Amino acid sequence: MLAMLLVSPLAVSQSVVMTESGAVQSVASSARCEVFKGIPYAAPPVGALRWRAPQPPAAWDTVRLCDRFGPMCNPMKWASRRNFYAMEYHDTTSRVSVSEDCLYLNIWVPKGERHRLPVMVWIHGGAFWSGRASSREFWGDSLVNHGVILVTVGYRVATSGFFAHKDLAAEAGTPGSGNYGLMDQIAALRWVKRNITAFGGDSACITLFGESAGAGSVQALVSSPLCKGLINRAIMQSGGGYRNIIFPVGRRWSQNFGRSLMRYARCPSIDSLRRIPVARLNAMVLRLCKHRLKIPFVWPTIDGYVITESLADAARRGHVLNIPYLIGYNRNDLFKPFMKRSARKWALMQNAAGNPTWVYCFDRGLPGDKMKKPGNSGARHTAEIRYVFGTLGPSWRPWRKGDWELSEEMMTYWTNFAKTGDPNGKGVPEWRRYQKGDKCEKHLDVKENK
C-alpha cells in the first residue's frame, strides 16, 4: 500500500516520500505549496553525542507526518526581549520548542508534478549564537512558485555548536575541534544530496545561501575541503566576502577559551562538562566573557579539519569551490564599509579566477519605522530577507505596491541564479558581473512613487 503512495520524481502528486531513513508525509502550506517540517537529518546530538560530529538518524517504520517544526537549538540569551530584531520579527516567528535535539530540516515544494527542480538550501543567521530554521520570514511558499525547492536547516549554535577543547580534538582524532554547527550544515547538505531526488529536486543543482552568520557559514563551506561536490552555486547576503567581519578564529584561541570555560564550570573532564545543561553553559560563557576574559564568544575556528586555513587565505589561494557566486550588502548594514569592500573584493577575485560573480546593494529603506520603538530607519541588516523569500505579508510594516514588485524582482533574480548560475532572465533588468573594467553593482530598491 505504501508503495502506491510514494512519490516518483516524474509525477509528484502525492504527499508521501521515502527517504533513506523512512517515509515522510507533507502538509499543505498554501494553495500551491506543501511543506515537510522537522525531518531529522542526523541523530539528536545529546548526551555522549554532544560535541561530536553528527551521526545518522535512527530509521522509522511508519509514515512520519511532518506537520511540526523541529526544536531550535538553545540560544545564547545575549539580548533583551526589547532588542530591535526581537521586536522586528516578533510577529513573524513561529513558536517552537528549544532543545539540544535540533538537527532537523524543512522542505517546501510546489504542489503538482515536479521533476529535477533546482534546490535552494538556506542557512539562517544569528551571530552563531542563536537563530532558527522555522522563522516565518524564511517560509518558502512564494519562493517555490518560481520553480525551485527550498530547504531550511537547523544546526547547533552557541556552546552546543562551537565549543572547542584540546580533549575534544583528541577524542575525535582531528587536529582541532569546535565546528559542530558547520559539521551539521555539511551533514544536511549530504542528506539533501542523497535524498532530494525523491522530492522532485535535482541533486546536481544545489544552491547554498544564507545571511549574516549564515553567509559566513556559506563562505566557510565553499572554502572547506569537505564540501567538494555538495554545492553548485552560493549566495552570501550581508556576511561573506574577502576579509569580512565574520571570520574563524585560530585554534589556539578557541581551545584556550574552552579550557577557561571548563575551569570556570569546575569540571575536571569533558564527560563532566557534558552533564551540565547547555543553557547553563551558555550563561557561563556570557559571564566569563563579561567579567574575566573580555573576549566575545564561541565562534567557528580554524580547526584543521572543517576549516583548514583562514577564509581570506582560501580566497587568495584559489582554495574555494569553482562555482558561480552572488554576494551583497545593505545600504545601512552593520559595519557597512567592511561589508561593501569585502563583497566587491570577493567578486573581483572570483571573476578573475573564472567563477562568475555578481554584487548587489539592497537600498530599500523599510517603511513604517516610526511606528515602532526603538526605530532603526533605512535598509538595515536583515532588511532584504523578507524580499528574498516573498514573506512581506505577515509583517506589521505598511508595505507599498513597490515593495511587492521589488520582492518579486529579487525572487526572480535569486531563483534564476539557482537554476542557471546567472541571475539574469526574462522579465528583470540586466545585471552585469562585478569585474575589473565593469564594476557593476545592482542596486535593489522600489521604483519612485511606489
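Reading the values: the criteria
Residues numbered from 1 in each chain as written. Predicted model: local features only at pLDDT ≥ 70, side-chain atom pairs only at ≥ 80, totals over all residues. Heavy atoms only, no water. Helix = DSSP H or I, 4+ residues; strand = E, 2+ residues; numbered from the N terminus. Buried < 20%, exposed > 50% of the residue type's maximum accessible area, 1.4 Å probe, protein only. Polar contact = N/O pair within 3.5 Å; in protein donor to acceptor, adjacent residues only side chain to side chain. 1 Å grid on protein atoms, 1.4 Å probe; cavity = no way out; pocket = protein on both sides within 12 Å on 5 of 7 lines; lining within 4 Å. Points joined across faces, edges and corners; volume = space filled by probe spheres on them. Core = buried A, V, L, I, M, F, W, Y, C linked by side-chain atoms within 4.5 Å. Contact = heavy atoms within 4.5 Å. Disulfide = S-S within 2.5 Å. Salt bridge = Lys/Arg side-chain N within 4 Å of Asp/Glu carboxyl O. Pairing = 2+ DSSP bridges. Phe/Tyr/Trp six-rings, centres within 6.5 Å; stacked < 30°, edge-to-face > 60°. Lys NZ or Arg CZ within 6 Å of the ring centre and 35° of its normal. Right-handed = clockwise from strand over helix to strand, strands pointing away. Nonpolar A, V, L, I, M, F, W, Y, C, P; charged D, E, K, R; others polar. Expected span 1.5 Å × (residues − 1). Axes fitted to C-alpha atoms, helices over the stretch in contact; angles between N-to-C directions. Parallel < 35°, antiparallel > 145°, perpendicular 65-115°, else oblique.

A.B. asks: It is not clear to me how unusual backbone geometry should be interpreted in this structure. Could you clarify?
C.D. replies: Here the phi dihedral of alanine 127 falls at roughly 65°; this positive angle occurs in a residue that is not glycine. Mapped onto the fold, alanine 127 is located in the loop between β7 (117-123) and β8 (149-153). On the basis of relative accessible area, alanine 127 is assigned to the partly exposed category, the value being 27%. In this structure, arginine 243 takes a positive phi of about 55° despite not being glycine.

A.B. asks: Would you explain the side chain of serine 395 in this entry?
C.D. replies: Turning to its location among the elements, serine 395 is positioned in the loop between α12 (385-389) and α13 (401-420). A distance of 3.1 Å separates a polar side-chain atom of serine 395 from the backbone nitrogen of arginine 397.

A.B. asks: Would you explain empty space enclosed by the protein in this entry?
C.D. replies: To find leftover empty space, a probe the size of one water molecule is rolled over the atoms. Under the defined criterion, the tally for this structure stands at 4 cavities of 30 Å³ or more. When its volume is computed, the largest cavity comes out at roughly 110 Å³. Gly70, Pro71, Met72, Ala133 and Gly154 are, among the 16 residues lining the largest cavity, the residues nearest its centre.

A.B. asks: Explanation requested: the nonpolar core in the structure shown.
C.D. replies: In globular proteins that are soluble, nonpolar side chains generally tend to be buried together. Core analysis: the largest hydrophobic core is formed by 94 residues, its most contacted members being Tyr41, Ile107 and Ile231. Ranked by the residues each element gives to this core, the list is headed by helix α5 (residues 180-195), at 9 residues. With residues up to four places along the chain from it excluded, the contact list for tyrosine 41 reads Pro57, Leu103, Tyr104, Leu105, Val153, Gly154, Tyr155, Asp184, Ala187, Ala188 and Trp191. In terms of nonpolar packing, the next biggest core, distinct from the first, is built from 40 residues, Trp108, Leu366, Trp414 and Val428 among them.

A.B. asks: I keep staring at the state of the cysteines and nothing clicks. Help me out?
C.D. replies: Any covalent bond linking the sulfur atoms of two cysteines counts as a disulfide. All chains considered together, the criterion is met by 0 disulfides. Looking at the unpaired cysteine 73, the closest cysteine sulfur is the one in cysteine 102, lying at 4.0 Å.

A.B. asks: Looking at this structure, I do not really get the pattern of salt bridges. What am I missing?
C.D. replies: Working definition: two side chains of opposite charge can pair if their charged atoms are close together. Scanning the model with the defined rule gives 17 salt bridges in all. With a closest N to O distance of 3.3 Å, glutamate 171 and arginine 52 form a salt bridge. With glutamate 171 in helix α4 (residues 166-172) and arginine 52 in the loop between β4 (33-40) and β5 (64-65), this residue pair connects regions lying 119 residues apart in the sequence. A salt bridge links arginine 116 to aspartate 202; the shortest N-O distance between them is 3.5 Å.

A.B. asks: Sorry, what's going on with the sheet that holds β5 here?
C.D. replies: In any sheet, the strands associate via hydrogen bonds between backbone groups, in a parallel or an antiparallel arrangement. Read across the open sheet, the 3 strands follow the order β1-β2-β5; overall the sheet is mixed. Of all strands in the sheet, those bounded by a partner on one side alone are β1 (16-18) and β5. Sheet topology note: the β1/strand β2 (residues 23-25) ladder contains 3 bridges and is antiparallel. From the neighbouring strand, valine 16 faces β2, where its bridge partner is glutamine 25.

A.B. asks: What is the right way to read the packing of aromatic side chains from this model?
C.D. replies: When we look at a pair of aromatic rings, we describe it by the centre distance and by the angle of the planes. Inspection of every chain in the model, using the stated rule, returns 20 aromatic pairs. Among the aromatic side chains, those forming a connected cluster through ring pairs are Trp122, Phe138, Phe209 and Phe389. Seen from the ring of tryptophan 51, arginine 50 lies directly overhead, with NZ or CZ sitting 5.1 Å from the centre. Taking NZ or CZ as reference, arginine 341 lies 5.1 Å from the ring centre of phenylalanine 338, over its face.

A.B. asks: Sorry, what's going on with the pairing of strand β10 (residues 233-237) here?
C.D. replies: For a regular strand, the rule is simple: side chains alternate between the two faces of the sheet. Of all 5 residues in β10, 5 are buried, a share of seventy percent or more. Residues Arg233, Ile235 and Gln237 line one face of β10 and the alternating positions Ala234 and Met236 line the opposite face, and both faces are buried. When strand β9 (residues 201-211) meets β10, the two strands line up parallel, connected through 5 bridges. In the sheet register, glycine 210 faces β10, and the bridge partner there is methionine 236. In this region the chain leaves β9, passes through helix α6 (residues 213-222) and returns to the parallel neighbour β10; the handedness of that crossover is right-handed. Direction of pairing for β10 relative to strand β11 (residues 325-330): parallel, over a ladder of 4 bridges.

A.B. asks: Would you explain the layout of surface pockets in this entry?
C.D. replies: Of the pockets and cavities examined, the second largest pocket occupies roughly 410 Å³. What lines the second largest pocket is a set of 24 residues, among which Arg52, Ala53, Pro54, Gln55 and Met183 lie closest to the centre. Broken down by element, the residue count for the lining of the second largest pocket peaks at 7 residues, all from α5. Classifying every residue of the lining of the second largest pocket by side-chain character gives 16 nonpolar, 4 polar and 4 charged.

A.B. asks: What's the story with helix α11 (residues 336-352) in this structure? I'm lost.
C.D. replies: For an α-helix, the turn length of 3.6 residues means that residues three or four places apart are oriented alike. The terminal C-alpha atoms of α11 lie 24 Å apart, and with 17 residues this matches the ideal 24 Å at 1.5 Å per residue to within 8%. Buried residues in α11 make contact with α6, β10, α10 (311-316), β11, β12 (357-362) and β13 (434-435). Of the residues flanking the end of α11, it is glycine 354, one or two places downstream, whose phi is positive at about 90°.

A.B. asks: Is there a simple way to explain the packing of α5 against α6 in this structure?
C.D. replies: Helix-helix packing is described using two parameters, namely the angle between the two axes and the distance between the axes. Two elements in contact, α5 and α6, have axes whose closest approach is 11 Å; the angle formed by their N-to-C orientations is 70°. Classified by the angle between their axes, α5 and α6 sit roughly perpendicular to one another. Contact residues: Leu182, Gln185, Ile186 and Leu189 in α5; Ser217, Ala220 and Leu221 in α6. Class assignment of the residues belonging to the contact of α5 with α6 gives a composition of 5 nonpolar, 2 polar and no charged.

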